[in-house]
Every structure is written in C-alpha cells, then in structure tokens.
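The lines below spell out each chain.
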Amino acid sequence: MVISGRVQGVGFRYATQQKAIEYGLDGWVQNNFEGTVELEIEGTEEKLYAFIDEMKSGFNPVIRIDHIEKQINEEAKGYKRFSIK
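Definitions and limits used
- Residues numbered from 1 in each chain as written.
- Predicted model: local features only at pLDDT ≥ 70, side-chain atom pairs only at ≥ 80, totals over all residues.
- Heavy atoms only, no water.
- UniProt positions renumbered as here; feature names shortened; annotations may be inferred.
- Helix = DSSP H or I, 4+ residues; strand = E, 2+ residues; numbered from the N terminus.
- Salt bridge = Lys/Arg side-chain N within 4 Å of Asp/Glu carboxyl O.
- Buried < 20%, exposed > 50% of the residue type's maximum accessible area, 1.4 Å probe, protein only.
- Core = buried A, V, L, I, M, F, W, Y, C linked by side-chain atoms within 4.5 Å.
- Contact = heavy atoms within 4.5 Å.
- Expected span 1.5 Å × (residues − 1).

Enquirer: How should I be thinking about the UniProt feature "domain: Acylphosphatase-like" (unreviewed entry) in the protein in this particular structure?
Expert: Under the UniProt annotation, "domain: Acylphosphatase-like" (unreviewed entry) lies at residues 1–85. Its end C-alpha atoms 15 Å apart, residues 1–85 is made of 28% helix and 31% strand.

Here it is as structure tokens:
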C-alpha cells in the first residue's frame, strides 16, 4: 500500500507497527521521498481488512489519511515480524 495525507512526522510508522503487532500481522513500513508512506503487510484476510479499516481513521488525531493505494498479492513473502524501515 502507498498511503498519502498527513503521514510523515506524526508518528504514523510507529503507530502502524504497533497496530500491526496487535493484529498479529507481519511486514514493513517506510517513508517515501515524496511524502507518502509505503506499507507491505501479510496476514489473514480478516485481520488485514480490520487493520486497514482502523488505519483509515488515522490511528490518532494527528494523522490524516487522504488516500490508500492498495495492491493485493496472493504470494506470501514470509515475513517473521513487522519492522520500520
């Protein structure tokens, strides 16, 4: 996913990592040069959609999600944890 909005400098990557761990999801999150945040995440479909629904609310009042560009890949990469790049 590529997320745009107020997502850099507001704790978005840390909040994303904490929520991913709460949901039992694995993958990574990183800031992109142009001000977006990129996220690759694996888990059950149910947990992924619950995570995305919560992420749309911004995780905290300082974060604002304007757009989420999703690309679904059925092939698992086999991540063992969730990390911030």
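Enquirer: Whenever I open this one, the pattern of salt bridges confuses me. Can you help?
Expert: Side chains carrying opposite charge are able to pair once their charged atoms draw close together. Across all of its chains, the model carries four salt bridges by this definition. For Glu40, the salt bridge identified is with Lys77, shortest N-O distance 3.2 Å. Of this pair, Glu40 sits in strand E3 (residues 37–42) while Lys77 sits in the loop between strand E4 (64–69) and strand E5 (82–84); the two residues are 37 residues apart in sequence, bridging distant segments of the chain. Among the residues examined, Glu40 registers a relative accessible area of 23% and is labelled partly exposed. The salt bridge partner of Asp66 is Arg64, with a shortest N-O separation of 2.8 Å.

Enquirer: Please explain the nonpolar core as it appears in this structure.
Expert: Note on soluble globular proteins: their nonpolar side chains tend to be buried together. Ranked by size, the top nonpolar core spans 21 residues in total, and within it Ile3, Phe12, Leu39, Ile41, Phe51 and Met55 carry the most contacts. If one sorts the elements of this core by residue count, helix H2 (residues 45–56) sits on top with four residues. Excluding anything up to four places from it in sequence, Leu39 contacts Met1, Ile3, Thr16, Trp28, Val29, Phe51, Met55 and Phe82.

Enquirer: Where do I start with helix H1 (residues 12–23) in this structure?
Expert: Working note: α-helix, 3.6 residues per turn, so residues spaced by three or four point in the same direction. Taking 1.5 Å as the rise per residue, H1 with 12 residues should run 16 Å; its terminal C-alpha atoms sit 16 Å apart, in good agreement. Among the residues of H1, those classed as buried are Phe12, Ala15, Thr16, Gln17, Lys19 and Ala20. Where the residues of H1 are buried, they touch strand E1 (2–6), strand E2 (26–31), E3, H2, E4 and E5.

Enquirer: Would you mind showing me how to read the UniProt feature "active site" (unreviewed entry) in the protein here?
Expert: UniProt tags Arg13 and Asn31 as "active site" (unreviewed entry). Taken along the chain, the residues just named run across 19 residues; in space they keep tight, none of their C-alpha pairs more than 7.9 Å apart. Mapped onto the fold, Arg13 is located in helix H1. Within the element layout of this structure, Asn31 appears in strand E2. Not counting residues up to four positions away in its chain, the partners in contact with Asn31 are Val7, Gln8, Arg13, Thr36 and Val37.

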